[in-house]
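Working through the structure, step by step
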Amino acid sequence: MLLVSACLLGANVKYSGGSNYCELLAQYQGRGLFLPVCPECLGQLAVPRPPAEIRGGDGSDVLNGNAKVYTDSGRDVTANFIQGAEAVLALARKEHISTAILKARSPSCGAGKIYNGNFEGTLTSGDGVTSALLKQNGITVYTELDLTEELLQTLLAK
């Protein structure tokens, strides 16, 4: 089983109230091989909600207390992001999941690249809060940008 960002599977949990539907993942959705999660919803943030970005680093820095997550209006939602990340990790452990496919660039789910915290559309190196926590706990994280048919079939065959 794979952890998958619920928005990639068509759930309307994106901050704007929409989804980030991924056609490739949807082709496999009915097989019972995905555990859909939304860390921000698990962190008790509403849908829709204001956009948020990490300021002062990336998800690892948030977890270490050296950075925070803020909405575009300046509201600190760091605790919500950590709560959601911890809930996702608990689900992964419960289901013995070792691989996740999460939403690229998200302050929760991004892996490798996230927005820089200035709400200007500029990317920087780093992981979102959930991705960082999963990686720290030995879970491999991909985003939908990494996916190919071959990679997905390999992951599902494990």
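Another aspect to go through is the nonpolar core. Core analysis: the biggest nonpolar cluster contains 25 residues, and Leu-3, Ile-54, Val-69, Phe-81, Ala-100, Val-129 and Leu-134 have the highest contact counts within it. Of all the elements in the fold, those that place two or more residues in this core are strand E2 (34-37), strand E3 (52-55), helix H4 (78-94), strand E5 (99-102) and helix H5 (129-136). The leading source of residues in this core is H4, at 5 residues. Grouped together as the second largest cluster of nonpolar side chains are 19 residues, Cys-7, Val-13, Phe-34 and Leu-152 included.

A large share of H5 lies buried, amounting to 6 of its 8 residues. Buried residues of H5: Val-129, Thr-130, Ser-131, Ala-132, Leu-133 and Leu-134, and no others. Gly-138, located one to two residues past H5, shows a positive phi value of around 80°.

Contact geometry of H4 with H5 gives a least axis separation of 9 Å together with a crossing angle of 40°. Looking at the two axes, H4 sits oblique to H5. Of the two elements, H4 crosses H5, and the hand of that crossing is right-handed. Packed against H4, whose contacting residues are Phe-81, Ile-82, Gly-84, Ala-85, Glu-86, Val-88 and Leu-89, the element H5 presents Val-129, Thr-130, Leu-133 and Leu-134 at the interface. Of the residues contributing to the contact of H4 with H5, the split by class is 8 nonpolar, 2 polar and 1 charged.

Another aspect to go through is the pattern of salt bridges. Counted according to the given criterion, the structure contains 4 salt bridges. With a shortest N-O distance of 2.8 Å, Arg-49 and Glu-40 are connected by a salt bridge. When sorted by exposure, Arg-49 lands in the same class as Glu-40, which is buried.

What counts and how
Residues numbered from 1 in each chain as written. Predicted model: local features only at pLDDT ≥ 70, side-chain atom pairs only at ≥ 80, totals over all residues. Heavy atoms only, no water. Core = buried A, V, L, I, M, F, W, Y, C linked by side-chain atoms within 4.5 Å. Buried < 20%, exposed > 50% of the residue type's maximum accessible area, 1.4 Å probe, protein only. Helix = DSSP H or I, 4+ residues; strand = E, 2+ residues; numbered from the N terminus. Axes fitted to C-alpha atoms, helices over the stretch in contact; angles between N-to-C directions. Parallel < 35°, antiparallel > 145°, perpendicular 65-115°, else oblique. Left-handed = near helix turned anticlockwise from the far one by under 90°. Contact = heavy atoms within 4.5 Å. Nonpolar A, V, L, I, M, F, W, Y, C, P; charged D, E, K, R; others polar. Salt bridge = Lys/Arg side-chain N within 4 Å of Asp/Glu carboxyl O.

These values are about where atoms sit, not about what they do.
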